[in-house]
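Breakdown of the fold
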Amino acid sequence: MPNDKLHVIHPLVVVGAGPVGLTAALAARHHQLPVLIVEAEPEDRTRPGSRATYLFQETLDLLESVADGVTAPITEQANNWESLRTTYSGRQIYFKRFPPCRPGKFGAAISQRESEQVLLKRCHEEGVQFRWKTSVTGVHTTSDRVTLTLDDGSRLHASYVIAADGARSAVRRALGIELDGDRSESSFVIVDVAEDPAAPLERTRSFHYRSPAVDGRNVLMVPFAGGWRIDLECRPDEDVRPWQEEPLLSQWVAAVAGPKYASRISWVSTYRFHRSVALSYTDDHARVLLTGEAAHLFPPFGGGRGLNSGVPDAIFGVEAIAKALSDPASARQIINAVATERRLAGIANRDAASSALVHMEARGRLLRLQQRLAALLARWFRRPGEWLDRAPMGPSRPVSARSRF
Ligand SMILES: Cc1cc2nc3c(=O)[nH]c(=O)nc-3n(C[C@H](O)[C@H](O)[C@H](O)COP(=O)(O)OP(=O)(O)OC[C@H]3O[C@@H](n4cnc5c(N)ncnc54)[C@H](O)[C@@H]3O)c2cc1C
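Cut-off values and rules
- Residues numbered from 1 in each chain as written.
- Predicted model: local features only at pLDDT ≥ 70, side-chain atom pairs only at ≥ 80, totals over all residues.
- Heavy atoms only, no water.
- Helix = DSSP H or I, 4+ residues; strand = E, 2+ residues; numbered from the N terminus.
- Expected span 1.5 Å × (residues − 1).
- Buried < 20%, exposed > 50% of the residue type's maximum accessible area, 1.4 Å probe, protein only.
- Polar contact = N/O pair within 3.5 Å; in protein donor to acceptor, adjacent residues only side chain to side chain.
- Near = heavy atom within 4 Å.
- Areas by Shrake-Rupley, 256 points an atom, 1.4 Å probe, with all protein chains shown as cover.
- UniProt positions renumbered as here; feature names shortened; annotations may be inferred.
- Patch = residues over 30% accessible without salt bridge, like charges linked within 9 Å, V, L, I, M, F, W, Y side chains within 5 Å.
- Salt bridge = Lys/Arg side-chain N within 4 Å of Asp/Glu carboxyl O.
- Pairing = 2+ DSSP bridges.
- Contact = heavy atoms within 4.5 Å.
- Axes fitted to C-alpha atoms, helices over the stretch in contact; angles between N-to-C directions.

**Side note on helix 4 (residues 112-125)**
Across its 14 residues, helix 4 extends 20 Å between first and last C-alpha, which sits within 8% of the 20 Å expected from 1.5 Å per residue. For helix 4, the full list of buried residues reads Gln-112, Ser-115, Glu-116, Val-118, Leu-119, Leu-120, Arg-122 and Cys-123. Regarding helix 4, its N-cap is Ser-111, as a side-chain oxygen of that residue lies 3.1 Å from the backbone nitrogen of Arg-113 further along. Phi for Gly-127, located one or two positions after helix 4, is positive at around 80 degrees.

Below is the structure:
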């Protein structure tokens, strides 16, 4: 075993160069901490799909608080949603058009692939160090440091580690921290289609209950800069493969979005969404903080809280690490406090995303009846249609409470 005294001890190592790891690194530079990101994949990788297609205004503000100007290239590219539409069995029951506003005023509708590129570029400008194509395979913590084992057998030592290594987090597993929660009963087929720049559709976030275009299944369509994400909710007991394969894939995309979009499909994937939160966000020695999908997994419904919650995990986590480094006597308390605060936020977000999913899956007869009745009443009253429009987006999120998203 090598003599640890001969090794550099990094103040902070971040595991994972996804959007949350990149955000943590920017927060570290904001606090003048040198930071190294260890990432399993190569820098020139292609990231799959649009994924987090909506960054809340609060998320943009938080990013700005650690990297002045970083959101400008995001909001410049991003599109605003122009309107909301909900249909039930093919009949429109709710429509709302937003007044025109400057891009970025209410958040940013942009593919995660694009927002990650902006964060990565800024990390390079801020002097963040990277170790690409290197996986963390083991983690050992003591009262004064973390030792990471890498896939080439070498070790890295750090005072603190931010684990941002995603849903299958090797760091979380090495620390023996379990996820608490379950998965959706239904599978979802998620499709990205590219917009036709010559004749774009109005940028309407639309939710279709029991759409005849897909034999009575629910469909969500979300616009983002340059494209659309279409989420098809399949039935719990069905084989979803035909829906993600040709010829059915092109047929249903054409029926939902319009014929020209059948040839503009750029990504297809199938998910049963987890709704889980780690039982602890830190280790016994309060030296590692779990962030982003290493800490929590939510369905993308109920407002899209995955990345929007990962950004504050990273920023408040690094803020706590900076304090702990300058106040070793209180370090443990500081780290435990932020871990608890972010875990409570994770639980609140899991519950919000879950309630949206429960509404969409509508397993209970009473809920199905309520939805049908609301759709009927929406012919005469606005409120029932508004309820059907809002529910898949989850409860309203508090704007300023830092511990809640
Ligand atoms: C279909 C879909 C739709 C979504 N929609 C939304 C939405 O609308 N709004 C929203 O906020 N969120 C949404 N999300 C969630 C969002 O995509 C995630 O929250 C976000 O990607 C999490 O970022 P992350 O950095 O924590 O993890 P990841 O993006 O998974 O990044 C983890 C990184 O760690 C690296 N890594 C993994 N293991 C190791 C290892 N052992 N050593 C070193 N590196 C490692 C990986 O290569 C990767 O680069 C959606 C997700 C999906 C799948």
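**Some words on the site of the ligand**
Neighbouring the ligand are 32 residues, the closest being Glu-39, Arg-45, Arg-47, Gln-112 and Leu-307. Taking Arg-45, its side chain carries an N or O atom lying 2.7 Å from an oxygen atom of the ligand. Asn-308 is positioned such that a nitrogen or oxygen atom in its backbone is 3.1 Å from an oxygen atom of the ligand. When the ligand sits alone it has 1,000 Å² of accessible area, and the protein chains cover 90% of it. The set of elements that each furnish at least two residues to the shell around the ligand consists of helix 1 (19-30) and helix 8 (306-326).

**Some thoughts on the UniProt feature "domain: FAD-binding" (unreviewed entry) in the chain**
UniProt marks residues 13-344 with the feature "domain: FAD-binding" (unreviewed entry), using the numbering shown here. Taken end to end, residues 13-344 is 29% helix and 30% strand, and its first and last C-alpha atoms sit 24 Å apart.

**Quick word on unusual backbone geometry**
A cis amide bond, omega 10 degrees, links Glu-246 with the succeeding residue Pro-247. By the element assignment, Pro-247 lies in the loop between helix 6 (241-244) and helix 7 (248-257). One non-glycine residue, Arg-51, lies in positive phi territory at about 45 degrees. Tracing the sequence through the fold places Arg-51 in the loop between strand 2 (36-38) and strand 3 (54-55).

**A short note on a nonpolar patch on the surface**
A surface patch of nonpolar side chains, about 530 Å² in accessible area, is lined by Leu-373, Leu-376, Leu-377, Trp-380 and Phe-381. The residue Trp-380 is located in the loop between helix 10 (365-377) and helix 11 (382-390) in this model. In this structure Trp-380 comes out as exposed when scored by relative accessible area, which is 59%.

**Here we look at the sheet that holds strand 19 (residues 296-297)**
The strand order across the open sheet built from three strands is 11-17-19, with neighbouring strands paired in antiparallel fashion. Whereas interior strands pair on both sides, the edge strands pair on one side only; in this sheet they are strand 11 (179-183) and strand 19. Relative to strand 19, strand 17 (residues 274-278) runs antiparallel, the two sharing two bridges. Note on strand 19: the bridge partner recorded for Val-277 is His-296. Most of the contacts of helix 9 (residues 331-361) go to strand 17, to which it runs at about 170 degrees, and overall it touches strand 11 and strand 17.

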